[in-house]
Amino acid sequence: FLHQLKGNFDSRYGGFTPAPKFPMVSTLLAALNVYRLHKDQKVKDMLTFTLDHMIKGGLYDLVDGGFCRYSVDEKWLVPHFEKMLYDNAGLIKVYLRAYETFKDERYLDIAKESAEFLEEFMKEDGLYYSASDADSEGEEGKYFVYTYDELKKAGLDDATLEAIGVDFIGNFEDGKSIVRIKKDLPKNWESTRKALKEIRKKRVYPFIDKKIQTSWNAMLIDSYFELGAEDETYTQKAKESLEKLLNLLYVNDKLYHTTIIGHKPKIEAFLEDYAFLAKALIGAYEKTFDETYLIKAQIFINKALELFYKNGVWYFSVGDFQTKADTTDSTYTSAVSIMIDNLLSISTLLEDDKYRVFAFKTLEYNSYELSRKPIYYPYMFDMMTRYLKEDIIIKSKQQNLLKNIKELSFMNYPYTLLKEENKDGYMICGIKSCFANVKDIQSVKKEVEKITNG
């Protein structure tokens with residue numbers, strides 16, 4: 001995986017593909033875990049270089065926040081201006097984990113700004129729309145770009161305009177410019193951003209696809225639970241959204257794929273809906289320690305096994321249109337890899353080996369392609385590494401876990417789970433036995449550090 005990752009790396013602008021460039025969330029998440037395991041400086045350099053270039057402006061909307069679907073060019077400058085819920089859900093998690101790994105506050109700011117974009121533009125009744133379009137008034141990017149003259153009229157000086165990449169010539173079409181920082185954000189960025197937002201408020205916002213999709217909402221809910229370790233308001237948003245999602249799309253013990261608010265759902269759920277919803281529920285348990293989340297996660301995992309799994313093979317849909325599930329990570333992570341993640345987590349948390357067996361059989365079935373081209377299956381590669389290295393579980397009383405959720409949520413060892421047990425201190429366990437009992441959070445970190453370094 002590392003050999004292929006380094007071979008695909010664009011050393012000029014970051015990223016791991018030629019143009020058009022997609023964010024490649026699964027690749028970034030897997031590479032972050034590789035770095036945390038091995039502390040490979042080259043991996044860190046590739047990651048930070050890529051993450052920094054992706055947020056200069058263009059692919060990332062510096063004005064409203066949020067990421068566009070992909071970049072047309074190799075510089076991450078000219079995006080396809082469509083904004084997808086799944087991209088932003090995934091990239092919130094990527095930048096949050098990058099912040100927790102590298103301690104760079106800018107990455108946390110990007111995660112929060114992306115969440116704020118979704119809250120402002122993509123939310124209704126606690127749930128999130130699928131996408132906003134690239135076009136407005138029949139013209140691609142019209143809402144997003146600026147001319148030199150209109151920004152001068154808005155009172156921005158030439159030094160500020162130069163800092164945000166706006167000039168007479170423009171960096172887009174017909175003399176228009178995409179806001180992009182050349183080196184650093186100008187010191188007056190907050191007032192500049194406010195002026196840029198005011199101009200946009202007078203424009204027609206692109207069309208929004210208001211479908212509520214189970215899998216994509218679950219992705220965001222999962223990311224919000226992780227973000228909640230840094231900002232508790234997102235834990236509350238995640239809890240509310242999860243309840244709304246289940247109320248809307250889990251009807252009479254049947255899960256559905258999508259609907260519009262105010263309408264009854266009709267399309268039954270696919271594998272990805274079960275996979276991402278179960279993952280969100282496991283994430284909910286690990287940030288609240290409410291066992292009802294874990295029970296619901298197990299119900300959806302069991303149902304997914306019953307409906308979509310046979311002898312190591314996962315199916316995307318069943319019935320008249322039965323199709324095998326794709327195992328490559330393309331626009332977002334394969335549902336098969338998310339199911340492996342869920343199976344390993346539920347096996348560890350419930351201490352039930354049968355789920356681990358299903359995870360192994362899935363990995364075994366895909367092992368030939370995974371060994372040849374792991375770069376196509378980065379999340380599955382990560383789960384294979386997790387299966388081989390095994391999980392660590394930190395057990396303690398709920399009050400201890402909640403009080404230290406920020407420090408516990410992202411231990412150096414990437415395959416660490418949290419579980420509530422009536423323990424005065426902290427028990428640190430593998431999947432078969434416990435090996436340390438310590439009194440405080442600093443001792444927990446030291447013990448986990450030993451495992452990482454070992």
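**Student:** What should I look at first to understand the packing of helix α3 (residues 41-54) against helix α4 (residues 85-102) in this one?
**Tutor:** Packed helix pairs are characterised by how far apart their axes lie and by the angle those axes make with each other. Relative to each other, α3 and α4 sit at 130 degrees, their axes nearing to 12 Å. Compared by their axis directions, α3 and α4 come out oblique. Relative to α4, the crossing made by α3 is left-handed. Mapping the contact onto sequence places K44, L47, T48, L51 and M54 in α3 and L91, V94, Y95, A98 and F102 in α4. Along the lines of polarity and charge, the residues of the contact of α3 with α4 split into eight nonpolar, one polar and one charged.

**Student:** Whenever I open this one, a negative patch on the surface confuses me. Can you help?
**Tutor:** On the surface, D135, E140, E173 and D174 cluster together to form a negatively charged patch. Here D174 is to be found in the loop between α7 (158-163) and α8 (189-201).

**Student:** Help me understand the packing of α4 against helix α9 (residues 214-227), please; the structure alone is not making it clear to me.
**Tutor:** Direction vectors running N to C along α4 and α9 enclose 20 degrees, while the axes themselves pass 8 Å from each other. Classified by the interaxial angle, the pair formed by α4 and α9 is roughly parallel. Viewed along their axes, α4 and α9 form a crossing whose handedness is left-handed. For the pair α4 and α9, the contacting residues are L85, Y86, A89, I92, K93, L96 and R97 in the first and W216, N217, M219, L220, D222, S223, Y224, E226 and L227 in the second. Each residue belonging to the contact of α4 with α9 can be placed in one class, and the counts come to 10 nonpolar, two polar and four charged.

Thresholds, definitions, all that
- Residue positions are given per chain, counting from 1 as you read along its sequence in written order.
- Owing to the predicted nature of the model, reporting of local features is limited to residues with pLDDT of at least 70; listing and counting of side-chain atom pairs is limited to 80 or more, with chain, interface and lining totals taken over all residues.
- The side-chain figures draw on all heavy atoms in the structure; neither hydrogens nor water molecules are used.
- Interaxial angles span 0 to 180 degrees and are taken between N-to-C directions of axes, which are lines fitted to C-alpha atoms, for helices over the stretch in contact.
- By definition, any uninterrupted DSSP run of H or I lasting at least four residues is a helix, any uninterrupted run of E lasting at least two residues is a strand, and each is numbered from the N terminus.
- Under this scheme an angle from 65 to 115 degrees is roughly perpendicular, one under 35 degrees roughly parallel, and one over 145 degrees roughly antiparallel; angles in between are oblique.
- Here a crossing is called left-handed whenever its near helix is offset anticlockwise from the far helix by less than a right angle, and right-handed whenever the offset is clockwise.
- Between two residues, a contact is recorded if the distance between any of their heavy atoms is within 4.5 Å.
- In this count, Pro and Cys sit with the nonpolar residues alongside Ala, Val, Leu, Ile, Met, Phe, Trp and Tyr, while Asp, Glu, Lys and Arg are called charged and the others, Gly among them, polar.
- To count toward a patch, a residue needs a relative accessible area above 30% and no salt bridge. Like charges then connect within 9 Å, nonpolar side chains (Val, Leu, Ile, Met, Phe, Trp, Tyr) within 5 Å.
- Accessibility throughout is a Shrake-Rupley quantity obtained with a 1.4 Å probe, and a residue counts as covered only by protein chains that appear here.
- By convention in these notes, a salt bridge is any Lys or Arg side-chain nitrogen within 4 Å of a carboxyl oxygen on Asp or Glu.
- The charged-residue count follows a simple rule in which Lys and Arg add positive charge and Asp and Glu add negative charge, with His and chain termini not counted at all.
- For charged residues, the charge sits on one atom: NZ in Lys, CZ in Arg, CG in Asp, CD in Glu.

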